[in-house]
Amino acid sequence: MSETSAISARARTRLTIEPRLNKNLRWTLTMYCAATLIGTGLSALLLWTSGADVTRAFGALLKGAFGSEKAWIATLSKATPLILTGLATVVAFRAQVWSIGQEGQVYAGAMGAYLGCLVFFGLPAGIYVSLIILSGMIGAALLGTAAAVLKVRYGVNEIISTVMMNYLIVFLLSYLIGGGPWTEISTSVVYQQTPQVPETARLQYLLGSNKLHLGFVFALVAAAICYVLLEKTPLGYEIRAMGHNPVALSYRGTNIGRTMLLVMAISGAIAGLAGVSEIFGTSHRLRADTLYGLGYSGIIIGMIGGLRPLGTVIAGLVFGGLASGSLYMKLLAQVPAALIPAMEGILLLTFLCAGVASRYRLVRVGDGDV
Amino acid sequence: MSVILKSVNLTKRFTGVIANEDVNFELRAGEVHCLFGENGAGKSTLSSCLFGFYQPEEGHIEMDGKAVRFASPRDAIAMGIGMVHQHFVLVEAFTVLENIVVGTHERGWKLGMASARSRVEGLCREYGIDLDPDTSIRDLAVGQQQWVEILKALYLEARVLILDEPTAVLTPAESARLFRVMDHMRARGLSIILISHKMSEVMQADRVTVLREGRVVGTVRPQDVTAEALTRMMVGRNVELRIARDRKIQARSSAAPVLVVEGVNYRDTQGKAALVDISLCIGEGEILGLAGVSGNGQKELFEALSGVLTPQSGRIFLAGKEMRGLPSRHYMDSGVGLIPDDRFREGLIPEFNIRENMVLGWQRDQAYTRGPFLDQEKIGAMADTLIEQFQIKTPSASTPVNHLSGGNAQKVILARELMHSSKLLLANQPTRGLDLGVIEYVYRQIIAKREGYAVLLASEELEDLLNLCDRIAVMAGGRITGIVDPLHSSIEDIGLLMAGGTATAAAREAI
């Protein structure tokens, strides 16, 4: 008898983790706030171990990101391509198409647009810019579709194919601007870049700044379109359904291969727009260094944004702030800028944990029995 | 007889749902004890607790009169409890012997195959199990694979054997053999817990414990009660066991054929012939039954007839139109509804809510769109109507279907497919795993829509097929081994045809 009561006493005090039946908004928000705090704490630890003055560094970071109108403009302009590559991730990942090709698609978008810029030169400004944007998006969409075709026709894993294509496209670009036909010919040195694009091809600046350009508006519009596409249209329904259960979707008449092609084309086009806006809004010439890493960051941003368009815009703004603030931090607190990607990584990990945690709850089992 | 295994006031909850409450159950040495109850009554939870898979929150388990606590199945196995699950855990490429040795190997580097072989052969002889230890698992039928699992448990010197719905994968003849072997086991002092919801099996047990909504309703001896009384204990009310069907309006073979299949062959991606020379015909208002041990081509037939897969040869006519080679979309647009056997994998998007699932497959239909957008109002109205009409129990139309019970989830599919199909309903195991009340309801709905409508109905419950169908086609080894008239056939007749494929193959080998 005493043995039995000992058994039930042990059972009474146990805590278990159980999945939630319904998402609770307050719990979710709490988890994400906790993630932000823990992420900041770990980042502080990282700064401290690298010998920096933590308060000063964070102060500088915040000031550089959101401390003035100038800072805001820098943040928004840094956020522009990140929001776009984040959205490209959202569209692909919601369908559970694990495309890592955003990086290559950014380059492909930039190259397609530059080609358009050469081909359509001389057309009226409005049409000229539209055609440049369009050719950039088509170029990137084609690259995305190529990976989808390999997957649908030959069953090639999209993670492998998109990563490999990232390499291919980088080498193609480096040929084109590093001695190939698009290289800027200067008198003495050869830079890895094209000549400047004509004035009429550039994206307009906004708010009288010389940093923030029309691309930011494109990013916001793209976010709105992504939301409507995913939540309000039959295609979005199919994309979401494919992410949850492609078998049932195909049993009920949807051609999964076709959906996958569309997903990769749309995702590619959005990532391509990021490349277009960087080249024709910010650097005004095609060069690799300004584009580097935008696609990979987009994956992190899309994930932190919970694969939701609105969340991705917010995450993009935070990362834009980190990018513009890091310059200040480097100058004012002598912190190496290389710590910023590390901090981004920490934030990603804590946010992913929060995403999982928001789907579970702690339950005390055997509660209330005697 | 002494009590070998016992649960005392056992309670187990899942996320607030009580799966077992205050369950007192005792298994005597050398008896076959049946756990009887509807799906969700707590049979599996109880046996999982006894096997150490779950730990009870209240109450405890006694073995040989002593309180025990199983932290995991490992502890239960060490005490001499063996369990055969519905899903087998076997390595396809290994032989029977290898599976037994590898699955039970405890310690040391050496496998000791020679001594294992003699022990396995000894066990086979002792219990009358007919199995060659050197056959690869992949060459065994599903029913034979179950013997391997049983051997595994015996090899570990189980004194208590828990069998979870063992006859689900067996032909009637194989089931009879299983019960003969169980008699041998009982005679040698083994105790068996048999989980079942089939009345014919329950009646063969020594004692029956009936569970309902997680509680024990009672423990009885089958010879003391009638089948009706047991059903009443299980369901808690009177249920009409036989679904009456008015055969006066039974379709004549002269009725216009809705579906005609001629010489359809299909090889799967591994090159295995899954459908061999299938020909059949279903007329307007006819219900054609499809019987067979699962895995004998029924699934492929349903997939072929709904356009999910394309047979390599043969012809499929739907209302006179050749359909083979067309994608599933065309079948749906021509009025074919499909109830797949794996409802959560093939029939539903589990994370989507009821409303979204009701429109699955019709999301691009003009009826549910406005311009380029989904028309949420129309979809919502359709879903609300169907929820009411089909009495789907749910807090709201925006409840994800993975929060619904199996029966209500099945009703979502049934409602959707009946609503959107006009000529042919393909129903593969539409009642599997459902409660009696829901089964009755599903059948009534299928029967109700008969005007000019053809139905292909596959079920493991042969009695249901005999009651409901105009004709019954039987499949074995990817072939149709016979089409019988239910008015002049018995379960034994169908059983012979179900074994037909393997019987002829064995005969051929003998020559």
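Residues numbered from 1 in each chain as written. Chains lettered and ligands numbered in written order. Predicted model: local features only at pLDDT ≥ 70, side-chain atom pairs only at ≥ 80, totals over all residues.

Another point: the overall build of chain A. Counting its regular elements, chain A contains 14 helices and 2 strands. Expressed as a percentage of the 370 residues in chain A, the buried residues total 45%. (Helix = DSSP H or I, 4+ residues; strand = E, 2+ residues; numbered from the N terminus. Buried ≥ 20, exposed ≤ 12 C-beta atoms within 10 Å, placed from the backbone.)

This part is about unusual backbone geometry. A positive phi angle, near 55°, is found at Gln 96 of chain A, a position not held by glycine. Topologically, Gln 96 of chain A is positioned in the loop between α4 (69-94) and α5 (102-119). Classification of Gln 96 of chain A by C-beta neighbours within 10 Å gives partly exposed; the count is 15. We note that Glu 213 of chain B has phi near 50°; this positive angle belongs to a residue other than glycine. Mapped onto the elements of the fold, Glu 213 of chain B is located in the loop between β9 (207-212) and β10 (215-220).

Residue and element names in this part refer to chain A. For Ile 266, the location among the structural elements is in helix α11 (residues 256-283). Here Ile 266 falls in the buried class, since 24 other C-beta atoms lie within 10 Å of it. Residues Ile 266 and Ala 88, 178 residues apart in the sequence, show an inter-C-alpha distance of 7.5 Å.

Residue and element names in this part refer to chain B. The domain architecture assigned to chain B consists of domain 1 (3-235), domain 2 (242-335 + 424-439 + 454-511) and domain 3 (346-420). In this complex, domain 2 contributes 7 residues to the contact, which on the side of domain 3 involves 7 residues. Taken together, the residues of the side of domain 2 that touches domain 3 break down into 5 nonpolar, 1 polar and 1 charged. (Domains from an automatic or database assignment. Contact = placed C-beta atoms within 7 Å. Nonpolar A, V, L, I, M, F, W, Y, C, P; charged D, E, K, R; others polar.)

This part takes up the confidence of the model for chain A. All names here are of chain A. In the predicted model, chain A carries a mean pLDDT of 86, and the fraction of residues at 70 or more is 91%. In this model residues 1-12 is a low-confidence stretch, pLDDT under 50, and it forms 10 contacts with partners more than four residues away in sequence or in other chains. Of the regions scoring below 50 in pLDDT, residues 366-370 engages in 7 contacts with residues more than four places distant in sequence or in other chains. (pLDDT = per-residue confidence, 0-100.)

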